[in-house]
Amino acid sequence: MELPEFDTRHLHARGEIVDTENVATLPHTTEDAIAFLADYANDLTTRCRVTADMGGSLYLPDASHTSSHFRTRDFASLLAGSPDTLDVQDLQNMIERLLATQREDGLFPETLASDGTPHYGRGNPVGESAPAYDVPQAVVSITWHVYQKTGDLAFLKKALPRLIKGITTLPCHARTELVHIAPDIPSTAYADGYTSTPNKKGDLLYSSLLYVQAQNDLADMAQSLGRDGDADMWRANAEHISKRIRMYLWDKDSALSRASTENAAAHDIWGSALAVYMNVATSGQLMAVSKY
């Protein structure tokens, strides 16, 4: 399949422009585009890797190293999009650090400093004591990717209770059961990751979708350990939350899902696409999103 001409102005990563002097390297077919992106992901991952003060590797959010902190959600995205770019030992080291820095109340760190110091919120008193709305899901995802790479059942058996404890820290609305930012939480305390907006309140689309994914991952882990009853429970929970997402966040008039139920009238194109990808959207919603 022939691709449209590329606008090379947008081929960049945090100020590091891709070298486009050699036009022959730019993709012109779908197959070339996939290979191009895979090669670029490998290169970008290498440039994001630094040696941590605590020893071993640390993966920063961008190749320009504008942040010196490892970010849990970014690392989960890296694994989901380009799982073969990381060394298995690096994967094992990072998940062990995340599991080891889980607090007694179940919170996982949102970031890790180069010396290993964990940070659990946005660096303010409220943020440090409030949960991040996507970090537990990210740690579940990282753990599942590590297990798929290593096949280490002993590691999985040790990690699973911690992951379950972490998932219970997610604040969910008593009625809708979706991941929820309460109206009295100040905007400076938000730790909603990918789709943060200053006034987003109420039930959250993106974080709730990640909650569904985490429950499916937990089901796969339980099944890998021979705990079929637990696996069935987690899958049933995932389907239940999927229904709640369709019920409370789909806007049929706009043919997209809303970013949240309160204080954010904006519709979430990224989240709507993710709902389609995860099969959370109905077939009718799939068609509506594709035509948007």
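Residues numbered from 1 in each chain as written. Predicted model: local features only at pLDDT ≥ 70, side-chain atom pairs only at ≥ 80, totals over all residues. Heavy atoms only, no water.

S.K.: Go over the overall build of the protein chain with me, naming the residues and quoting the values.
M.R.: When its secondary structure is counted, the protein chain shows 10 helices and 12 strands. Out of the 292 residues belonging to the protein chain, those deemed buried represent 46%. In the protein chain, of all internal contacts separated by at least 6 residues, the share reaching a separation of at least 24 is 63%. When the accessible surface of the protein chain is split by element, carbon and sulfur atoms take 53% of a total near 14,400 Å². (Helix = DSSP H or I, 4+ residues; strand = E, 2+ residues; numbered from the N terminus. Buried < 20%, exposed > 50% of the residue type's maximum accessible area, 1.4 Å probe, protein only. Contact = heavy atoms within 4.5 Å. Areas by Shrake-Rupley, 256 points an atom, 1.4 Å probe, with all protein chains shown as cover.)

S.K.: Please set out the packing of helix H6 (residues 153–167) against helix H7 (residues 205–224) residue by residue, giving values where relevant.
M.R.: Between H6 and H7, whose axes approach to 10 Å, the crossing angle comes to 145°. For the crossing formed where H6 meets H7, the hand is left-handed. Judged by residue contacts, Leu153, Leu156, Leu160, Leu163, Ile164 and Ile167 of H6 engage Tyr211, Ala214, Leu218, Met221, Ala222 and Ser224 from H7. For the contact of H6 with H7, a count of residues per class yields 11 nonpolar, 1 polar and no charged. (Axes fitted to C-alpha atoms, helices over the stretch in contact; angles between N-to-C directions. Left-handed = near helix turned anticlockwise from the far one by under 90°. Nonpolar A, V, L, I, M, F, W, Y, C, P; charged D, E, K, R; others polar.)

S.K.: Can you explain the pairing of strand S9 (residues 201–204)? Please cite residues and give values.
M.R.: Direction of pairing for strand S8 (residues 180–181) relative to S9: antiparallel, over a ladder of 2 bridges. Looking at the pairing, isoleucine 181 lines up with glycine 202 of S9. (Pairing = 2+ DSSP bridges.)

S.K.: Account for the packing of aromatic side chains, with residues named and values stated.
M.R.: When we look at a pair of aromatic rings, we describe it by the centre distance and by the angle of the planes. Tallying each qualifying case throughout the model produces 4 aromatic pairs. Between tyrosine 59 and phenylalanine 75, the aromatic rings sit 5.8 Å apart at their centres with planes inclined by 40°, giving tilted as the arrangement. Here tyrosine 59 is found in strand S4 (residues 57–59), whereas its partner phenylalanine 75 is found in helix H2 (residues 72–81), with 16 residues between them in sequence. Ring plane angle 55° and centroid distance 5.2 Å describe the contact between phenylalanine 70 and phenylalanine 75, whose orientation is recorded as tilted. The pair formed by phenylalanine 70 and phenylalanine 75 is uniform in burial state, with each residue classed as buried. By the ring-pair criterion, three or more aromatic residues cluster together here, those being Tyr59, Phe70 and Phe75. When the ring centre of tyrosine 120 is taken as reference, the NZ or CZ atom of arginine 103 above it lies at 4.7 Å. (Phe/Tyr/Trp six-rings, centres within 6.5 Å; stacked < 30°, edge-to-face > 60°. Lys NZ or Arg CZ within 6 Å of the ring centre and 35° of its normal.)

Any functional reading would require information that these geometric values do not contain.
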